[in-house]
Amino acid sequence: MTTEIVVVPHTHWDREWYEPFQRFRLRLVALLDEVLDTMEREPAYHFTLDGQLACVDDYLEVRPENRDRVAALVESGRLAVGPWQILLDEFLCSGENIVRNLELGMARSDKLGGAMPVGYLPDMFGHTAQMPQILRKAGLLHACVYRGVPQAVTTDAFAWVAPDGTALRTQYLPAGGYGNGAHLFSDAEGLGQRAAGFVRTMREWHGPDGPLLAMYGTDHSAPVRGLPGMVAEIGARMDTLSGYIGAYSGDVAGLPRVHGELRSHARANILPGVISVRPHVKQAMGRAERMVERYAEPLAALWGAEWPGRFLDMAWWRLVDASGHDSVTGCGVDDTAQQVAARIAEAEQLGQAVRDMVTARLAEAVPSDGVLVVNPTPAPRHGVVIVDTAGADPLVDPSGAPVPVQPLEYAATLLLDEPMDLATALTLIHGTELYGQHITGYTVEDGTLTFTVARQTSVVIDPDELRTAAAGITSVRILAEPRRTVAALVEAPPLGHTSLRPAPRERVYGGDQVERLPGLHHPSCWLSSDSAPLPVRGDTTVLDNGLLRVTIEVDGSLTLVGQDGTTVTGAGRIVDGGDVGDTYNHAPPLSDLIVSEPVDADFELVCTGPLVAVVDVRRTYLWPASGEGLEGAPEVPALTRGARMEEIVLTTRVELRSGEPFVRLGITFDNRCDDHRVRLHVPLPRPAAQSHAEGQFAVVTRGLTAEGGCGETPLPTFPASSWVAAGGVAALLEHVTEYEVVDGELALTLLRSVGYLSRNRNVSRPEPAGPQLPTPAAQSRGLRSVSLALMPYQEGWDEVVPQAEAFRHDLLVVPGLGERSLPLPSPAAGLSVDGEGVVMTSLRERDGWRELRVVALTSSDTEAVIGGRFTRARRADLRGRPGEPLDVTDGTLRLPLGGWEIATVQLSD
């Protein structure tokens, strides 16, 4: 043939999916054994290892003796590895997780001979808007994609443009995606005809000149024997993907331009239902990422001793591994989901351990009757914390000024009063520990041994003295020091800390004020500052803090009125509908039963203010127990929902705090139903033709519809990472959440219950997305809970950003560990980041420098103002490689940023 075809042999290796990781690894080892043998036997053979180094790591853990063989093939350019550590789902992890994935994969690939210089994204379920900028800032000039490409793309290469204007040459894989050449070499007979047909098809995309890319490989495929001979027979040549794409300079002149995220259904399925299936995995991922990114790393960088790098590396390994596009998505079998959840839990635990190690170090300077308050955000915070404290004395800050408090709960003081002999009593004591507290003293009177206990003690118990003093006792009492749980309003410096402790009332107020001010929770004692938040007042009908008024209606829904008059009516309505789809796609029954009205609602006032007001709203619903006729016939879509009903009690904790323009909602229910979708609806205050949602280093604006074309129903359900806003109301989120703007309402998916990995017949999708395997755990039965907040806004979504940051990153309270004689340490700031639209995404230590990453969430040029204890600064790329030095004046760096720019700077004392 006169037309050249470039054949790229490869495998698409789903690390875990319809089988768990270790079962797939057994097959991976056999495949790579064959690949290495074949490549060493046939010098013309090239192979692309799916763009993820995880395949190499998983192989070499079993075959460590083959490392040099792998490295030799990589160095020769015949085996392409990386640049990713794992092929991720771009929407179900944080932007920082994406960066660490790429950083890890490229660094480790370099040790084997170099990473493939292509941002290979072959099977992700759509692509985030900022991916071109991420790849470019990591030094890559090319991307390669399959799913999500819009109908407007009619060529096999286009310029993919990030919000900041970065344009990356992107190779599209049309006509079959990463397996578009898999049919070519099925057998020797008819090879020429198949090659001619391939050329005709691909010329429509590529144009009349230049070689055509034939991706020869499929899921978990091994190389065909005799491939070099068949390639030569059709006049083609063999190469890696980077070899083919590397022939292009990266120049995007003349290429069609596509802006922002790629989530079109026009060319391929994007399987949007993975956003909402197995929601507990998404919740866990959000918690773990926040713990590592925004608590453990920044606090260790600013306030730790030796950098705990190995622990944090292990946490990131697990987070990156969990981000796989068949992992955190939840579209695998139950065994896979269980393993992913365990991996995420380990990452969170590692982050917690580092956080606690650092805060314990700080808490050693705080007296044991006080608490340390840590601010994980780079802006000053004025917020409410929950404090457990001894006694009834007022709390004071380091200056001695009283802190506004609200009592919430009092702990029991009598822990035990029972007949007991001494031998039995001694078995209760472990050192100084007794009933979960520590012995501060004991007395013996009238045959009763009375212990006093507290959270901490300096008393050393002599067992022999105790036996002598308590000989012959007949009863034992345990008395605990009085303790209470209070809400306290504190001011905390940016990425810094302050502290609180009880102080005698007379010392705080003077003798004549003790009677007038029976408790610091009285509003007259804490509204002394013009900048102080107004108190919140609440009953079972209305909560109000001066910034937001929340009315609880008789059906349990909420009416929200913002300070500017923006009104949301009917917020928090719960809508349950059928879902007879699978882990990939929502599919309603042909005749659905929608349940949106409770059969009963009651309300309980938990606390009334002035710092926190809480009402529990309990609504009772009757939901269909399952889809009709699904048992034993998964290939037949259900016609209706079942007639059997389950009584579901759904509790919404409505919480309003002083100073917050949003209401917190904690939703819990016991899911005893199958085959359904539960959504929370929020009517929009005004009509909206679009929504805005924070994603990975960007705010994405979306319309009310989705582009279809390939057959998959183009549902306009989208992911939001930390908030979504439309028509004057925003939802603040703790984890990636599926949403839709439908019929003038914002609908947030709380739960999607399904019973199959993929259904062969799904009314929302023309073909299976995987094997038809049962996934009973994906029904997500049992206790389910979701936390979020609702916020009316007047002008634009930029009002939402700082509130979402505060909602997602609570102030941290840590008990003091120092001697009670110590004074409270002075408040201390760590690092501040300010600027219009500027948000910090990470702060860590690297090679003796503190590395800070920020993003400008604005389309206009802006400036990041960074303050702290540093004298030198320099730019760096996303891989941490240092760049130009920057001017620092009096501990302040003024960093110019373009609109939507992701910037990394390194700071040093």
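None of these values were measured; they are calculated from a predicted model.

Asker: Could you give an account of the sheet that holds strand E32 (residues 676-683), naming the residues involved and the relevant values?
Answerer: Strand order in the open sheet formed by 5 strands is E27-E32-E39-E38-E35, with antiparallel pairing between adjacent strands. A single partner strand is all that each edge strand has here, and the edge strands are strand E27 (573-578) and strand E35 (718-720). When the angles between neighbouring strand axes are averaged without regard to direction, this sheet yields 40°. Pairing between E35 and strand E38 (residues 737-742): 3 bridges, direction antiparallel. What sits directly across from Pro 719, in E38, is Glu 738.

Asker: Any details on the pairing of strand E34 (residues 699-702)? Residues and values, ideally.
Answerer: Judged from the 4 bridges that link them, strand E33 (residues 691-694) and E34 form a sheet pairing that is antiparallel. Each residue of the ladder has a partner; that of Ala 693, found in E34, is Val 700. Between E33 and E34, which follow one another and run antiparallel, lie 4 residues, and Phe 697 among them has a positive phi close to 65°.

Asker: Could you give an account of the environment of Tyr 120, with specific residues and numbers?
Answerer: By the secondary structure assignment, Tyr 120 is in strand E4 (residues 119-121). Once the C-alpha coordinates of Tyr 120 and Trp 723 are considered, the two residues, 603 residues apart in sequence, prove to be 29 Å apart.

Asker: With reference to specific residues and values, describe the pattern of salt bridges.
Answerer: Inspection of every chain in the model, using the stated rule, returns 55 salt bridges. The partner of Glu 261 in a salt bridge is Arg 702, and the shortest N-O contact between them spans 2.7 Å. Taken together, the residues span a long stretch of sequence, with Glu 261 in the loop between strand E10 (257-259) and helix H9 (279-303) and Arg 702 in strand E34 at a distance of 441 residues. Assigned by exposure class, Glu 261 and Arg 702 land together as buried. When salt bridges that share partners are traced, they join Glu 96, Arg 100, Glu 297 and Arg 853 into one network.

Asker: Hey, could you go over the sheet that holds strand E48 (residues 892-897) for me, with residue numbers and the actual values?
Answerer: If you walk across this open sheet you meet the 3 strands as E42-E45-E48, and the pairing is antiparallel. At either margin of the open sheet sits one strand with a lone partner, and together these are strand E42 (831-834) and E48. Pairs of neighbouring strands in the sheet enclose a mean axial angle of 15°, with direction left out of account.

Asker: Which residues make up a negative patch on the surface, and what values do they have?
Answerer: On the surface, a cluster of negative charge is made up of Asp 564, Glu 795, Asp 798 and Glu 836. Counting through the fold element by element, Glu 836 comes out in the loop between E42 and strand E43 (838-846). Residue Glu 836 is classed as exposed on the basis of its relative accessible area of 57%.

Asker: Give me the lowdown on helix H10 (residues 309-322), citing residues and values where you can.
Answerer: With 14 residues, H10 ought to run about 20 Å at 1.5 Å a step, and its terminal C-alpha atoms sit 20 Å apart, in line with that. Regarding H10, the residues found buried are Gly 309, Leu 312, Ala 315, Trp 316, Leu 319, Val 320, Asp 321 and Ala 322. Tucked into the core, H10 has its buried residues touching helix H4 (95-110), H9 and helix H11 (334-363).

Asker: Please give an account of the nonpolar core that cites residues and values.
Answerer: Membership of the largest hydrophobic core comes to 108 residues, with the highest contact counts inside it found for Trp 84, Phe 158, Trp 723, Leu 831, Leu 852, Ile 866 and Leu 893. Sorting elements by how many residues they give to this core places H9 first, with 13 residues. Those residues in contact with Trp 84 that lie beyond four places of it in its chain are Gly 51, Gln 52, Leu 53, Ile 98, Asn 101, Leu 102, Gly 105, Gly 119, Tyr 120, Leu 121, Met 131 and Leu 135. Residues Trp 17, Val 74, Tyr 216 and Met 238 belong to the second largest nonpolar core, which totals 50 residues.

Each value, and the rule that gives it
Residues numbered from 1 in each chain as written. Predicted model: local features only at pLDDT ≥ 70, side-chain atom pairs only at ≥ 80, totals over all residues. Heavy atoms only, no water. Pairing = 2+ DSSP bridges. Helix = DSSP H or I, 4+ residues; strand = E, 2+ residues; numbered from the N terminus. Axes fitted to C-alpha atoms, helices over the stretch in contact; angles between N-to-C directions. Salt bridge = Lys/Arg side-chain N within 4 Å of Asp/Glu carboxyl O. Buried < 20%, exposed > 50% of the residue type's maximum accessible area, 1.4 Å probe, protein only. Patch = residues over 30% accessible without salt bridge, like charges linked within 9 Å, V, L, I, M, F, W, Y side chains within 5 Å. Areas by Shrake-Rupley, 256 points an atom, 1.4 Å probe, with all protein chains shown as cover. Lys, Arg positive; Asp, Glu negative; His and termini not counted. Charge placed at Lys NZ, Arg CZ, Asp CG, Glu CD. Expected span 1.5 Å × (residues − 1). Contact = heavy atoms within 4.5 Å. Core = buried A, V, L, I, M, F, W, Y, C linked by side-chain atoms within 4.5 Å.

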